[in-house]
Amino acid sequence: MARMTSSTRPFLNRRLAEFGTTIFAEMSALALRTGSINLGQGFPDTDGPEEVREAAVRALRDGRGNQYPPGPGVPELRTAIAAHQQRWYGLSYDPDTEVLVTAGATEAIAAALLALLEPGDEVIALEPYYDSYAACIAMAGGTRVPVTLRPHEGSFRLDLDELRAAVTDRTRLLLVNTPHNPTGTVLTRAELAAIAELAVERDLLVVTDEVYEHLVFDDAEHLPLATLPGMRDRTVTIGSAGKTFSFTGWKVGWVTASPPLVTAVRSAKQFLTYVSSGPFQYAVAEALALPDAYFTAFREDMLAKRDLLAAGLKDAGFDVFRTAGTYFVTTDIRPLGESDGFAFCRALPERAGVVAIPNAVFYDHREAGAPFVRFAFCKRVEVLAEAVQRLKTLA
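Scoring rules and cut-offs
- Residues numbered from 1 in each chain as written.
- Predicted model: local features only at pLDDT ≥ 70, side-chain atom pairs only at ≥ 80, totals over all residues.
- Heavy atoms only, no water.
- Pairing = 2+ DSSP bridges.
- Helix = DSSP H or I, 4+ residues; strand = E, 2+ residues; numbered from the N terminus.
- Contact = heavy atoms within 4.5 Å.
- Salt bridge = Lys/Arg side-chain N within 4 Å of Asp/Glu carboxyl O.
- Buried < 20%, exposed > 50% of the residue type's maximum accessible area, 1.4 Å probe, protein only.
- Phe/Tyr/Trp six-rings, centres within 6.5 Å; stacked < 30°, edge-to-face > 60°.
- Lys NZ or Arg CZ within 6 Å of the ring centre and 35° of its normal.
- Expected span 1.5 Å × (residues − 1).

Caption draft 1: Quick look at the sheet that holds strand 14 (residues 357-358). Across the sheet, which stays open at both edges, the four strands sit in the order 11-12-15-14 with antiparallel pairing between neighbours. Two strands in the sheet have a free side with no partner beyond their single neighbour: strand 11 (319-320) and strand 14. Relative to strand 12 (residues 328-332), strand 11 runs antiparallel, the two being bridged by two bridges. Directly across from V320, in strand 12, lies its bridge partner T331.

Encoded structure:
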């Protein structure tokens, strides 16, 4: 006889009950159903460099990675990650003890939070934030404490006084994302220095999501927190091949940190995927060694696409915030006579044949994000041009 389940207790763990299906799944399904251009989910519609694809094919044919790779990642990739951090930022990491390969940055975030948090620990995150942050904090039993980035002179800025006031005796960790998704903000050297000083003063750990590190524009610069005084041994830095090389389906991410922090994160990670992306790890090792010209051309291509979409959105009547990094543009819909981002995005496919994401889904304080909508520009130029033409109907 089958065991009966309680009719009063939900199947889903109560820590996850608030999350439901992600907005990305909902809006991508809406794009398919309506035949709309999907500028919602942040994935490119073209593959990355051909030589990197061929490196993956070679690995498959040569039998490298077709079976379980080493738990920390293949040595070639760990060495390449360490060399990347040294090449771009002057950060020295031991490939054997200070680098961990993960199933994308999302697993790196999950493993770091599961490893470093105890139930009741507070985690300060910059709001709006990538939706997995909240879910991973919840799964770890932590309490999220949002500090809101607010519009200021055409971009979103961090209030350092608000950040400092948010720290309590229960604060364990700062979760930082720069370049920042979804706002496109890149934290300045002064802002990062203040975060570092606060972390040292209050003896806090920092997990920093830097997956858009090679997508910074205009006069912005990407400065890893781990380079600042007192931060090398308290910072878990997360990177990703998906965003830099346009192979998001390969799910290759990584963690760099001091040996005790990497050991802690690996202890959690081994019970998540254990290992992943075997042949792709070898390909990403080669990708990380590409010449500077690749990274420059990649950034310039995305900059041109940013400018194309931003200009089109402005012409369509949106208030457009400056994107200093990532491949997203955040807009304000109030000049269009709208104020509810959810309603606007759900109606937009029928009105204009374009899909976007309501920023409010990235907020605890939903009212703070209600009028903001995010568009992705990591698409082919002809797709963006068509989207711009469709959006003109809103003007």
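Past the structure itself, the notes keep going.
Caption draft 2: Here's a closer look at the side chain of S276. Mapping S276 onto the fold places it in the loop between helix 9 (259-269) and helix 10 (278-288). Leave out the neighbours within four places in its chain, and S276 touches P69, T102, A103, K251 and Q281.

Caption draft 3: Structural context of the pattern of salt bridges. Scanning all chains against the criterion turns up 29 salt bridges. In this structure, D364 and R144 form a salt bridge, with 2.8 Å as the shortest nitrogen-oxygen distance. You can see D364 sitting in the loop between strand 14 and helix 13 (366-369) and its partner R144 sitting in strand 4 (residues 143-148), a full 220 residues away along the chain. Overall, the relative accessible area of 30% leaves D364 in the partly exposed class. Since its relative accessible area comes to 21%, R144 is described here as partly exposed. One salt bridge in this structure joins R232 and D233, with 3.9 Å as the shortest N-O distance.

Caption draft 4: The arrangement of the packing of aromatic side chains in detail. Under the definition given, this model contains 20 aromatic pairs. Taking 6.3 Å as the distance between ring centres and 50° as the angle between the ring planes, the aromatic pair formed by F217 and F377 counts as tilted. Taken together, the residues F217 in the loop between strand 8 (205-209) and strand 9 (235-240) and F377 in the loop between strand 15 (372-376) and helix 14 (381-391) connect sequence positions 160 residues apart. You can call F217 buried: its relative accessible area is 1%. Where F247 meets W250, the ring centres are 4.1 Å apart and the plane angle is 10°; that geometry is what we call stacked. Taking the relative accessible area as the measure of exposure, F247 reaches 7% and is therefore buried. Classification of W250 as buried rests on a relative accessible area of 12%. Through a chain of ring-to-ring contacts, the aromatic side chains of W88, F245, Y294, F295 and F298 assemble into a single cluster. Cation over ring: R374 sits above F328, and NZ or CZ is 3.7 Å from the ring centre. Its end group placed over the ring of F43, K379 keeps NZ or CZ at 3.9 Å from the ring centre.

Caption draft 5: Highlighting helix 3 (residues 75-89). With 15 residues, helix 3 extends 21 Å from end C-alpha to end C-alpha; this agrees with the ideal 21 Å at 1.5 Å per step. For helix 3, the complete set of buried residues consists of L77, R78, A80, I81, A82, H84, Q85 and Y89.

Caption draft 6: Quick look at unusual backbone geometry. Here the bond from T178 into P179 is cis, since omega is -10°, no more than 30 degrees from zero. Residue position: P179 is located in the loop between strand 7 (171-177) and helix 7 (189-201). Residue N181 is joined to P182 through a cis peptide bond whose omega torsion reads 20°. Within the element layout of this structure, P182 appears in the loop between strand 7 and helix 7. Backbone geometry places D218, a non-glycine residue, at a positive phi of 55°. Of note, the phi angle at S277 is positive, near 60°, even though the residue is not glycine. Looking at where S277 falls in the secondary structure, it is placed in the loop between helix 9 and helix 10.

Read these as spatial facts, not as claims about activity.
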